[in-house]
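# Examining the three-dimensional arrangement
Next come the chains, spelled out residue by residue.
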Amino acid sequence: MVADIRVKNPNPLGFSFQLIAVGAYFPGFKAALGGRGNVTNVDFPSHSTQNIQFPISVAYDRHQDPGLRIIKTILSKCGILGGTVHELTINYDVMASVKVLGISMNPNLDNQTYSFTCPEN
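Residues numbered from 1 in each chain as written. Predicted model: local features only at pLDDT ≥ 70, side-chain atom pairs only at ≥ 80, totals over all residues. Heavy atoms only, no water.

In the annotation of an unreviewed UniProt entry, the entry for the chain reads Late embryogenesis abundant protein LEA-2 subgroup domain-containing protein, and the organism field reads Linnemannia exigua.

This brings us to the packing of aromatic side chains. One pass over the full model with this rule turns up four aromatic pairs. Look at Phe15 and Phe17: their rings are 5.5 Å apart centre to centre, the planes differ by 85°, and that puts the pair in the edge-to-face class. Seen from their ring centres, Phe17 and Phe44 are 5.8 Å apart, and the 90° between their planes marks the pair as edge-to-face. Within this pair, whereas Phe17 is found in strand 2 (residues 15-25), its partner Phe44 is found in strand 3 (residues 37-44), the two being separated by 27 residues in sequence. (Phe/Tyr/Trp six-rings, centres within 6.5 Å; stacked < 30°, edge-to-face > 60°. Helix = DSSP H or I, 4+ residues; strand = E, 2+ residues; numbered from the N terminus.)

Next up on the list: the environment of Met105. Residue position: Met105 is located in strand 6 (residues 103-105). A sequence separation of 46 residues divides Met105 from Ala59, and the C-alpha atoms of the two residues are 30 Å apart.

Take unusual backbone geometry next. Although it is not a glycine, Asn41 sits at a positive phi angle of roughly 50°. By the element assignment, Asn41 lies in strand 3. If you check the backbone angles, Asn111 has positive phi at about 55° while not being a glycine. Tracing the sequence through the fold places Asn111 in strand 7 (residues 108-116).

Here we come to the nonpolar core. Counting 11 residues, the largest nonpolar core consists of Phe15, Phe17, Ile20, Val39, Val42, Phe44, Ile52, Phe54, Val94, Ala96 and Val98. Sorting the residues of this core by element identifies strand 2, strand 3, strand 4 (48-55) and strand 5 (88-100) as the ones contributing at least two each. Once residues lying within four places of it in the same chain are set aside, the contact partners of Ile52 are Ala3, Asp4, Ile5, Val42 and Phe44. (Core = buried A, V, L, I, M, F, W, Y, C linked by side-chain atoms within 4.5 Å. Buried < 20%, exposed > 50% of the residue type's maximum accessible area, 1.4 Å probe, protein only. Contact = heavy atoms within 4.5 Å.)

As a further point, take a nonpolar patch on the surface. On the surface, a cluster of nonpolar side chains totalling about 410 Å² of accessible area is made up of Leu13, Leu101, Ile103 and Met105. Following the sequence through the fold, Leu101 ends up in the loop between strand 5 and strand 6. (Patch = residues over 30% accessible without salt bridge, like charges linked within 9 Å, V, L, I, M, F, W, Y side chains within 5 Å. Areas by Shrake-Rupley, 256 points an atom, 1.4 Å probe, with all protein chains shown as cover. Salt bridge = Lys/Arg side-chain N within 4 Å of Asp/Glu carboxyl O.)

A few words now on the state of the cysteines. Taken as a whole and judged by the stated rule, the model has one disulfide. Through a disulfide, Cys78 is tied to Cys118; the S-S separation comes to 2.1 Å. Because the torsion about its S-S bond is -90°, the bridge between Cys78 and Cys118 counts as left-handed. Taken together, the residues Cys78 in the loop between helix 1 (69-77) and strand 5 and Cys118 in the segment after strand 7 connect sequence positions 40 residues apart. A residue is classified by how much of its surface remains accessible, and Cys78, at 12% relative accessible area, is buried. Look at Cys118 and you get buried, because its relative accessible area is 12%. (Disulfide = S-S within 2.5 Å.)

Okay, the environment of Gly28 next. When you line up the elements, Gly28 lands in the loop between strand 2 and strand 3. Linking Gly28 and Arg69, residues 41 residues apart in sequence, is a C-alpha distance of 9.8 Å.

Below, the structure is given as structure tokens:
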């Protein structure tokens, strides 16, 4: 899958991401839901808005899901088992390598969350 991400840089300084890598996790499980998606060498000039396409892979390993808790939660929240439809939530970590004014930095964002509606059947 590919996520279209819109990035706005209102700052007077431009910056470059040498690497942005993301790993996604189902809440309560640390095993990744697939390989890490990443993009490299993305420039964000000053006072600009830019769209980037971020590749995302999703995989499920039932051996990392005792009792099929992930599957049951998804089916329940999406209303497939009956009841009300709720949003799904995933946790994710972002690892980055960014360069501003020729200075490299490696900021990381751990334990972020993202919620989204269930896909249509």
